[in-house]
Each structure stands twice: as C-alpha cells, then as structure tokens.
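Each chain, written out:
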Amino acid sequence: MEKLKNGEVWRDVEGKEIHAHGGYIIKHQEYYYWYGEDRRENFYVSCYRSEDLMHWEFRNHILTTESKMEGYRVRTKLMLRKEDGGKVNLERPKVLYNEKTGKFVLWVHFENGTDYREAAVAVADCDTPDGDFVYHGHFNPYGYMSRDCTLFKDDDGTAYFISAARDNADLHVYRLSEDYMNVDCLVHRLWQGEYREAPAVIRHEGIYYMISSFCTGWDPNQGKYGQAKGMEQPWTSLREIGDETTYQSQAAFLLEVNGRLYYFGDRWRGSGENYFRSGYVAYPLEVKDGVLTMEYCEEISF
Ligand code: GAL
C-alpha cells in the first residue's frame, strides 16, 4: 500500500513538490481541497485537490500579488504588495464553504512584509473552491492583534476564527457573521499568557478539541490541547499531547477521515530558502479514556 513519508515534502500527481504549508483541508462534494502557503514567485496561497488524500492534483494559485482586490462593507486595507513592489506576508490560510452564500471564504494571517507588527487578518472569497479568489484586505478584529490562526465550522454552520492576540500571549475565539466575512463576537480569550500558536480544532463525538503549539518561531515544541463541550462553552486548561517537539512538527489543522482523526502539521526547516525544504506530517489522533493522544509514525496512509 502506498504511503506518505512524514517529514518529507509530499508531491502531487505530476511529481512536483506540494506548496501548501500552514494549510487547511476541507471536503467539498467528492473532493478534498488542500489550501496552504505558497511562497514562490508572486504566489500567496495555492490549492490542490484529491479524492483520497494521497493523490493530489494542483488546481490553482488562488491568491497572488495580482489577485483582484475589492473592498467590502467592512473597512480594511487593500495591500497585496509593499510600496517597493515586494511581497507582503500571508500565513496559515484557511477556507470554509458558506452554505448560505455559496461562497468559499478564506482567512489568512497578514503581515506587511517589512516587520511583524501588523498582526492582522485578511479575508478573500470565491464562487468555486479553486478559482481566483477576490482579496478584500486586512484588518485587526476589534482592534486586536491577530497572528497564527485557524477557522472552524460547527455542525450547524456557525463558524469561528481563532487567532493569537496580545503579542501571542492569548488565544482569541471569534464567532463569525453568517456570511463568514467578518467577526461578529469575541466569545473567548483562552489560556491567558500561555503563548499558544498554530491553533487547530476538531469536533469528535460532541467534544471540541483544540491543539496548539508554544511560541518558538520555526522550532518545534511541546503540543498541548484543551477541550470543551462547545466552542462557546468553557475550555479546560492545557494538557500535553505528543512529545516535547510534537514529533517534530507544528500543527496546521485536524481532520476526520472515515471516522478516524488525524493531526496534520508542518515540519519547518526555517526561513529563506530553507523554508522550501519544510515537510508535511500527519499523525493519527485517538481519544482514550477521555484523553486525546497522538501516535508517532514514520509514514501514513488514509
Ligand atoms: C511560527 C508560526 C509560523 C511562522 C513562524 C515564523 O511561530 O507558527 O506560521 O510564522 O513562526 O517564525
């Protein structure tokens, strides 16, 4: 049976390296769509699709420096390039499908490409999962800093944006508006002063689990998780998961496949050219006696 090797740069069906770090996978109709950072050329976010999570077909560079820009009802700053023409920094893109509007809505951490002080979030959307997304600019939710982030869609369609605030000290949970185009309410400020990054959420048998990393840049550290009976319910304090490096990875997202839970992460190799040697990992998750556990493995299939 074919397997994907953890820590390697996985390849698409044409044998080319997949550029989708800090990513997210959603299932739409018969396909899984994988969105992630693509730092090559003038690209920001790329999209791949697969029917089995093993064979990935490149679909599109859905967000680039040339993407169409359009303001919307919320005041944002439309900036896909620096004044000198260089790229801005878009990290950890996540996409949800909104049943009510029929749109695919993307949220991504925005930095201005010069320093790391913008700590904002940018929004884009599209009528199809892998078309050219329209960029709607960046903002600070209720004025807060917003860095490492994720999205989570609950069973009833209510969606949440989770991001690191106050220089990463606290993790904020925002309920989104019905169209997923804005934050509607700050429902939690979790784990005050614990510096959690790379949040990733999954619901399993009525319990919500949120895995995150500590704040050590590209270096891996001990993963931790909290759980709750609902996104807006009280969350437990943090418990450790995996080993002291989360098996050499940082969380990207969590996914349920055929009733089994998986953690997907990045094995970062650093900045500059090293970034492109960063690999992907997926580890099985299991709930045992009420405790979420992660199993180390060298390779994986789904
Ligand atoms: C990590 C973060 C990554 C990237 C990196 C840069 O903490 O999770 O997405 O921003 O820092 O140092």
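My aim in this report is to walk through the structure given alongside it, one point at a time. For clarity, every value in this text was computed on a predicted model and none was experimentally measured.

Side note on the nonpolar core
Here is step 1 of the chain: The biggest cluster of nonpolar side chains holds 81 residues, and the ones touching the most others in it are Trp 34, Tyr 35, Leu 63, Trp 107, Phe 133 and Ile 211.
Here is step 2 of the chain: Setting aside anything within four residues of it in sequence, one finds Ile 211 in contact with Ala 198, Pro 199, Ala 200, Lys 224, Tyr 225, Ile 241, Ala 251, Leu 254, Tyr 263, Leu 285, Leu 292 and Met 294.
Here is step 3 of the chain: Core analysis: the second largest hydrophobic core is formed by 16 residues, Ile 162, Ala 164, Tyr 208 and Met 231 among them.

Looking at the state of the cysteines
Here is step 1 of the chain: All chains considered together, the criterion is met by zero disulfides.
Here is step 2 of the chain: Here Cys 149 is not cross-linked by a disulfide; its sulfur's nearest cysteine counterpart is in Cys 215, at 14 Å.
Here is step 3 of the chain: The class of Cys 149 is buried, set by a relative accessible area of 0%.
Here is step 4 of the chain: As a non-bridged cysteine, Cys 185 has Cys 149 as the owner of its nearest cysteine sulfur, 19 Å distant.

Considering the site of the ligand
Here is step 1 of the chain: Close contacts around the ligand come from Glu 91, Arg 92, Tyr 116, Asp 148, Glu 197, Gly 217, Trp 218 and Gln 250, and that covers them all.
Here is step 2 of the chain: Here an oxygen atom of the ligand sits 2.5 Å away from a polar atom, N or O, in the side chain of Asp 148.
Here is step 3 of the chain: Residue composition of the shell around the ligand, by class: two nonpolar, two polar and four charged.

Considerations on the pairing of strand β12 (residues 170-176)
Here is step 1 of the chain: Burial within β12 is extensive, with six of its seven residues counted as buried.
Here is step 2 of the chain: Two elements, strand β11 (residues 159-165) and β12, share six bridges in a ladder whose sense is antiparallel. Following the sheet pairing, Ala 165 is matched in β12 by Asp 170.
Here is step 3 of the chain: Following β11, the chain reverses through four residues before pairing antiparallel with β12; Arg 166 in that reversal takes a positive phi of roughly 50°.
Here is step 4 of the chain: Two strands pair when backbone bridges link them, and β12 and strand β13 (residues 183-190) are joined in this way by six bridges, in the antiparallel orientation. Residue pairing for β13: Leu 171 is matched across the bridge by Leu 190.
Here is step 5 of the chain: Counting the residues that bridge the hairpin from β12 to β13 gives six residues, and of these Tyr 180 lies at a positive phi of roughly 65°.

Analysis parameters
- Residues numbered from 1 in each chain as written.
- Predicted model: local features only at pLDDT ≥ 70, side-chain atom pairs only at ≥ 80, totals over all residues.
- Heavy atoms only, no water.
- Core = buried A, V, L, I, M, F, W, Y, C linked by side-chain atoms within 4.5 Å.
- Buried < 20%, exposed > 50% of the residue type's maximum accessible area, 1.4 Å probe, protein only.
- Contact = heavy atoms within 4.5 Å.
- Disulfide = S-S within 2.5 Å.
- Near = heavy atom within 4 Å.
- Polar contact = N/O pair within 3.5 Å; in protein donor to acceptor, adjacent residues only side chain to side chain.
- Nonpolar A, V, L, I, M, F, W, Y, C, P; charged D, E, K, R; others polar.
- Helix = DSSP H or I, 4+ residues; strand = E, 2+ residues; numbered from the N terminus.
- Pairing = 2+ DSSP bridges.

Just geometry here; none of it tells us what the structure is for.
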